[in-house]
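Here are the chains, one letter per residue:
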Amino acid sequence: MVDPATEQPQAASQREAEIADRLHDIEARIRAASERAGRSRAAITVVAVSKGFEASDIMAARKAGQADFGESRSRALVRKSEQVGQGVRWHFVGQLQRNKVKEVVGRVSLVHSVDRLTLAQSLGERALAAGRVQRVLVQVDLGSPRDGSRGGCLLDGAPQLVARVRDLEGVACEGLMTVPPQDADARSCFATLRALRDELRSRFPEVQHLSMGMSNDFEVAIEEGATIVRLGTAVFGPRRSS
Ligand SMILES: *Cc1c(COP(=O)(O)O)cnc(C)c1O
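About the cut-offs
Residues numbered from 1 in each chain as written. Predicted model: local features only at pLDDT ≥ 70, side-chain atom pairs only at ≥ 80, totals over all residues. Heavy atoms only, no water. Salt bridge = Lys/Arg side-chain N within 4 Å of Asp/Glu carboxyl O. Helix = DSSP H or I, 4+ residues; strand = E, 2+ residues; numbered from the N terminus. Buried < 20%, exposed > 50% of the residue type's maximum accessible area, 1.4 Å probe, protein only. Phe/Tyr/Trp six-rings, centres within 6.5 Å; stacked < 30°, edge-to-face > 60°. Polar contact = N/O pair within 3.5 Å; in protein donor to acceptor, adjacent residues only side chain to side chain. Contact = heavy atoms within 4.5 Å. Near = heavy atom within 4 Å. Areas by Shrake-Rupley, 256 points an atom, 1.4 Å probe, with all protein chains shown as cover. Nonpolar A, V, L, I, M, F, W, Y, C, P; charged D, E, K, R; others polar. Patch = residues over 30% accessible without salt bridge, like charges linked within 9 Å, V, L, I, M, F, W, Y side chains within 5 Å. Lys, Arg positive; Asp, Glu negative; His and termini not counted. Charge placed at Lys NZ, Arg CZ, Asp CG, Glu CD. Axes fitted to C-alpha atoms, helices over the stretch in contact; angles between N-to-C directions. Left-handed = near helix turned anticlockwise from the far one by under 90°.

Visitor: Help me understand the pattern of salt bridges in this model?
Guide: Between side chains of opposite charge, a pair can form when the charged atoms approach closely. The final tally for this structure, using the stated rule, is 21 salt bridges. The salt bridge partner of Glu-18 is Arg-22, with a shortest N-O separation of 2.9 Å. In this pair, Glu-18 and Arg-22 are both assigned in helix 1 (residues 7-36), four residues apart and thus about one turn of the helix distant. The exposure class assigned to Glu-18 is partly exposed, which follows from its relative accessible area of 30%. Note that Glu-223 and Arg-36 form a salt bridge whose closest N and O atoms lie 2.8 Å from each other. Here the residue Glu-223 occupies a position in helix 8 (residues 218-223), and Arg-36 occupies one in helix 1, the gap between them amounting to 187 residues. What you see here is one network of salt bridges that share partners, running through Arg-15, Glu-18, Arg-22 and Asp-57.

The structure is reproduced here in structure tokens:
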């Protein structure tokens, strides 16, 4: 066994330093990208997607100033949010089944992945019962139907879904989210989502957010108007599992 008085604390503080370094590097890249785009750094939120990483890593990132964290599975969300406790904001970024809604409402600040009306209805019912309003984004799938979805409603259906979600009690639709298809040109996907957001915002002023950009492409997403970037490996390093 490793001596807990020596090796383990050292490993933990090395990990803390690594995550702090990574966040520092991300911050510089975000500043540069927002400057290139003539945008304010303050208009961009980083969500550290901690799927595949443990609560100790989340606490290390929190210590380095990271406040927003995302999970893609409700079970991991429940476990880690209980381990980490107060002082962080949670986001749900994965596909969500209606029977898991009760684990998410009251725990997360923003659900990024509303892709159908029935899910929004469940979220709204649960939130109303708890005396809350659940903030959500509508996830849009920008792939061709043949490519296999990475989640989200089709582009053509998005305006109607947003309009209907808006009409529900207990949910507030504050914007759009996408995960570009594997082989797609990310920049053009981001530009498409932004054009849709602009069009919707002219009718529904609360539709503001663009959750787009991950570790591989967040600078491009910021240039195209992202207000939220979702970063996993850039913050925590390579994932061993998802
Ligand atoms: C895993 C995940 C991310 C983060 O991906 P990285 O490539 O590790 O930055 C972002 N968004 C969603 C929806 C994810 O599932």
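There's more to say after this.
Visitor: Is there a simple way to think about the packing of aromatic side chains in this case?
Guide: For any pair of aromatic rings, geometry is given as the distance between the ring centres together with the angle between the planes. Scanning the model with the defined rule gives two aromatic pairs in all. Their ring planes at 25° and their centres at 4.9 Å tell us that Phe-53 and Phe-236 sit as a pair that is stacked. Placement of Phe-53 in the loop between strand 1 (45-49) and helix 2 (55-63) and of Phe-236 in helix 9 (residues 233-236) is noted, with a sequence separation of 183 residues between them. Relative accessible area serves as the criterion here: at 1%, Phe-236 is assigned to the buried category. Aromatic pair Phe-69 and Trp-90: ring centres 6.1 Å apart, planes at 50°, arrangement tilted. With a gap of 21 residues between them, Phe-69 in strand 2 (residues 68-71) and Trp-90 in strand 3 (residues 89-92) connect regions that are remote in the sequence. Per residue, the accessibility class of Phe-69 equals that of Trp-90, and both read buried.

Visitor: When you look at the side chain of Gln-66 in this model, what are you seeing that I'm missing?
Guide: The residue Gln-66 is located in the loop between helix 2 and strand 2 in this model. Residue classification places Gln-66 among the buried residues on the basis of a relative accessible area of 9%. Among the polar contacts made by the side chain of Gln-66, one reaches the main-chain carbonyl oxygen of Asp-68 at a distance of 2.8 Å. The residues contacting Gln-66, other than those within four sequence positions of it, are Leu-23, Val-46, Val-47, Ala-48 and Ala-61.

Visitor: What should I look at first to understand the site of the ligand in this one?
Guide: Val-49, Lys-51, Val-93, Met-214, Ser-215, Arg-230, Leu-231, Gly-232, Thr-233 and Arg-239 make up every residue found near the ligand. Backbone polar atom of Gly-232 to an oxygen atom of the ligand: 2.8 Å apart, as the coordinates give it. Thr-233 places a polar main-chain atom, nitrogen or oxygen, 2.9 Å from an oxygen atom of the ligand. Here the ligand, which alone exposes 390 Å², has 88% of that area covered by the protein. In terms of residue class, the shell around the ligand is made up of four nonpolar, three polar and three charged.

Visitor: Any chance you could explain the environment of Leu-117 here in plain terms?
Guide: Looking at where Leu-117 falls in the secondary structure, it is placed in helix 5 (residues 117-129). Between the C-alpha atom of Leu-117 and that of Arg-164, which follows or precedes it by 47 residues, the distance is 7.3 Å. Once you skip the residues sitting within four places of it in the chain, Leu-117 turns out to touch Leu-161, Arg-164, Val-165 and Leu-168.

Visitor: What's the story with a positive patch on the surface in this structure? I'm lost.
Guide: Together, Arg-75, Lys-100, Lys-102 and Arg-126 make up a region of like positive charge exposed at the surface. With respect to the helices and strands, the residue Arg-75 is situated in helix 3 (residues 74-84). By relative accessible area, which is 74% here, Arg-75 ends up exposed.

Visitor: I would appreciate a short explanation of the packing of helix 6 (residues 158-167) against helix 7 (residues 186-203) in the present structure.
Guide: Angle between the axes and distance between the axes are the two parameters that describe a pair of packed helices. In the contact formed by helix 6 and helix 7, the axes pass within 11 Å of each other and the chain directions differ by 40°. The crossing of helix 6 and helix 7 is right-handed. Of the residues in helix 7, those in contact with Ala-158, Pro-159 and Val-162 of helix 6 are Leu-196, Glu-199, Leu-200 and Arg-203. Its residues assigned to classes, the contact of helix 6 with helix 7 comprises five nonpolar, no polar and two charged.

Visitor: What exactly am I supposed to notice about helix 2 here?
Guide: Because the α-helix completes a turn every 3.6 residues, residues three or four places apart line up on one side. Listed as buried for helix 2 are Ala-55, Asp-57, Ile-58, Ala-60 and Ala-61. Backbone geometry just after helix 2 places Gly-65 at a positive phi near 105°.

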